[in-house]
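Structure at a glance
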Amino acid sequence: MQFINEDNILDYAFVNLDTLNRPVKAVCVDFHGYTDATMYEKSPAKAQIMGEQGIAWVFPYYSVWAWMGRSSQEFIEQVLDAVYRKLQISDHTSLIITGGSMGGLTALCYLVYGKRKAAACAVNCPVTDMTKFFDLVPSARRAILSAHILVERPLRAIMDVYSPVNLIDKLPKIPYLLIYGEKDEMITKNFMPQMLEKM
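Every value quoted in this text rests on a predicted model; they were computed, and no experiment measured them.

What follows covers unusual backbone geometry. Residue Pro23 follows Arg22 across a cis peptide bond; omega there is 0 degrees. The backbone of Thr35 shows a phi angle near 70 degrees, a positive value even though the residue is not glycine. For Thr35, the position within the fold is in the loop between strand S2 (26–31) and helix H1 (45–52). Residue Thr35 is classed as partly exposed on the basis of its relative accessible area, which comes to 49%. Unusually for a residue other than glycine, Met68 sits at a positive phi of about 60 degrees. One can find Met68 in the loop between strand S3 (55–60) and helix H2 (70–87).

Take a look at the structure:
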């Protein structure tokens, strides 16, 4: 179902229109983490800084239980299509993909499965192995199942398809920044070595 458009986009994503200087030089999409239902009425500090530099900051309000399910990917594509139309920018405008935790997984998966090509990717404490996360965090199991329950395949096979650690060979050759800190208690640095070694 095609629903999101340039007229209703602000119901489905925050865009830093309040601070965005023209011409638009780039688009930065920031994918939220697991259970993050934040909605904005005005640009937070990072969006303001980007806006002043002509960078459109887009924060899609996709599902808090997304886990890169098909419905979430379609939601994200509709948001981006609407943003590009609203801002009247070319598909060749540089796209920067960011996200944290589940949003980091979403960012890395978007590079492989998304419609648009990105120029760079920066992720904070990304879930790089969904199967490992599923095994370590019981409270997330219902969310991961919910995101993928309509797919007629074994859940572990689906999680393998959306685990960035399994997508290294498909990731585009662009600049990456992966950060692992101590404040995300679910995504510890234990997720880091295998991903970085493969990259």
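That covers the picture; the talk isn't over yet.
In this structure, Val27, Val29, Phe31, Trp67, Ile97 and Leu111 are the most contacted members of the largest nonpolar core, which totals 57 residues. The contact partners of Leu111, leaving out residues within four places of it in the chain, are Ile97, Ala118, Cys121, Leu171, Pro172, Ile174 and Tyr176. Among the nonpolar cores identified, the runner-up in size contains 9 residues, and Ala26, Cys28, Phe59 and Tyr61 belong to it.

Within this structure, the stated rule accounts for 6 salt bridges. The salt bridge partner of Asp91 is Arg116, with a shortest N-O separation of 3.0 Å. Here Asp91 is found in the loop between H2 and strand S4 (94–100), whereas its partner Arg116 is found in the loop between helix H3 (102–113) and strand S5 (120–124), with 25 residues between them in sequence. Measuring nitrogen to oxygen at the nearest pair gives 2.7 Å for the salt bridge that ties Arg156 to Asp135. Taken as a pair, Arg156 in helix H6 (residues 155–161) and Asp135 in helix H4 (residues 130–136) lie far apart in primary sequence, 21 residues in all. Residue Arg156 is classed as partly exposed on the basis of its relative accessible area of 43%. Look at Asp135 and you get partly exposed, because its relative accessible area is 39%. Through salt bridges that share partners, Asp81, Asp91, Lys115 and Arg116 make up one connected network.

Strand order in the open sheet made by the 6 strands is S1-S3-S2-S4-S5-S6, with mixed pairing throughout. Here the strands that pair on one side only, and so sit at the sheet edges, are strand S1 (13–15) and strand S6 (176–179). Along the sheet, successive strands turn relative to each other by an average axial angle of 15 degrees, direction set aside. As judged from the 4 bridges shared by S2 and S3, these two strands associate in the parallel manner. What sits directly across from Val29, in S3, is Val58. Docked against the sheet, H1 engages S2 and S3, running at close to 145 degrees with respect to S3. Of the strands in this sheet, S2, S4, S5 and S6 are in contact with H3, which crosses S4 at around 145 degrees.

Rules of the game
- Residues numbered from 1 in each chain as written.
- Predicted model: local features only at pLDDT ≥ 70, side-chain atom pairs only at ≥ 80, totals over all residues.
- Heavy atoms only, no water.
- Helix = DSSP H or I, 4+ residues; strand = E, 2+ residues; numbered from the N terminus.
- Buried < 20%, exposed > 50% of the residue type's maximum accessible area, 1.4 Å probe, protein only.
- Core = buried A, V, L, I, M, F, W, Y, C linked by side-chain atoms within 4.5 Å.
- Contact = heavy atoms within 4.5 Å.
- Salt bridge = Lys/Arg side-chain N within 4 Å of Asp/Glu carboxyl O.
- Pairing = 2+ DSSP bridges.
- Axes fitted to C-alpha atoms, helices over the stretch in contact; angles between N-to-C directions.

These figures capture arrangement, not role.
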